[in-house]
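Structural description and commentary
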Amino acid sequence: MSAVAPVITIDGPSGSGKGTVSRLLAEKLGWHLLDSGALYRLVALAAQRRSVALEDVEGLAGLAVDLDTEFPVIDGVSRVYLEGDDVTLAIRAEECGAAASRVAALPAVREALLERQRAFRRLPGLVADGRDMGTVVFPDAPLKIFLTASISARADRRWKQLREQGVDANLDALYRDLEERDARDAQRSVSPLKAAPDAVEVDSTAMDIPAVMARILSLIADRGVQ
Ligand code: DC
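What comes next concerns the included structure. No experiment lies behind these values; they were computed from the predicted model shown.

Glancing now at the site of the ligand. The full set close to the ligand counts 17 residues, and Arg 41, Arg 110, Arg 131, Asp 132 and Arg 188 are the nearest of them. Note that a nitrogen atom of the ligand is positioned 2.9 Å from one of the side-chain N or O atoms of Asp 132. In this structure, an oxygen atom belonging to the ligand sits 3.4 Å away from a side-chain N or O atom of Asp 185. Across the complex, the protein chains shield 95% of the 440 Å² of accessible surface that the ligand would expose by itself. Counting only elements with at least two residues in the shell around the ligand, the list comes to α2 (36-49), α4 (94-103) and α8 (171-187). It is α2 that provides the largest number of residues to the shell around the ligand, a total of 4 residues. Grouping the constituent residues of the shell around the ligand by class yields 4 nonpolar, 4 polar and 9 charged.

So, about the sheet that holds strand β3 (residues 69-70). Read from one edge to the other, the open sheet built from 3 strands follows the order β3-β6-β7, with strand pairing classed as antiparallel. If you trace the sheet from one side to the other, it starts and ends with β3 and β7 (85-86), each paired once. For strand β6 (residues 81-82) and β7, the ladder comprises 2 bridges, and the chain directions are antiparallel. Along β7, the bridge assignment pairs Tyr 81 with Asp 86.

Calculation criteria
- Residues numbered from 1 in each chain as written.
- Predicted model: local features only at pLDDT ≥ 70, side-chain atom pairs only at ≥ 80, totals over all residues.
- Heavy atoms only, no water.
- Near = heavy atom within 4 Å.
- Polar contact = N/O pair within 3.5 Å; in protein donor to acceptor, adjacent residues only side chain to side chain.
- Areas by Shrake-Rupley, 256 points an atom, 1.4 Å probe, with all protein chains shown as cover.
- Helix = DSSP H or I, 4+ residues; strand = E, 2+ residues; numbered from the N terminus.
- Nonpolar A, V, L, I, M, F, W, Y, C, P; charged D, E, K, R; others polar.
- Pairing = 2+ DSSP bridges.

And the structure:
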């Protein structure tokens, strides 16, 4: 019988540091990485490119089923491709994130992406970053983290990140956008953003990335995951 690859799930709201922590953790462990948010963003981008309306549930579910995507690592950097085009930056746009949040509220889209996400589970292990990794996609994961931070801290981090990229953003608008997106992600009827009952909650409001990493690595050691 082939061994089942272990999974560490990292769920939480936008801006909690999940993405960075998941990437660093996968690198440190030498495990695969699933950025599940990228899949919802890709469906949103595919919809925009093909002029499928965000109200067209069947059309969106069809896009999710047929999503032609690749996640190659080029010169040590992970890239995201949609239908052969490098869309690594395009899917990070605020507009694409907002559309992804709407697309992600549709049960048919979530269902269509389920097996695609589970296929990322391969030896030696997987770090899965998202909203429902521990509750729905990998309920048997041996370690589940729920990473949070206050809305102010998250808006502030996003603002700094955008500034570094030379984008002039408005802090109040970012705060309101996060608030709105949190509400939509937490209130949707399918797979809402919530901690799995067996998840360990880590509040990163007053923690930097190395502190969060240290906390997770100590949980990995305690649990004997690996
Ligand atoms: O993590 P992110 O910002 O890239 O995610 C984009 C959107 O997709 C976000 O609004 C929530 C949604 N999402 C989800 O519903 N379930 C996941 N597992 C990952 C993301």
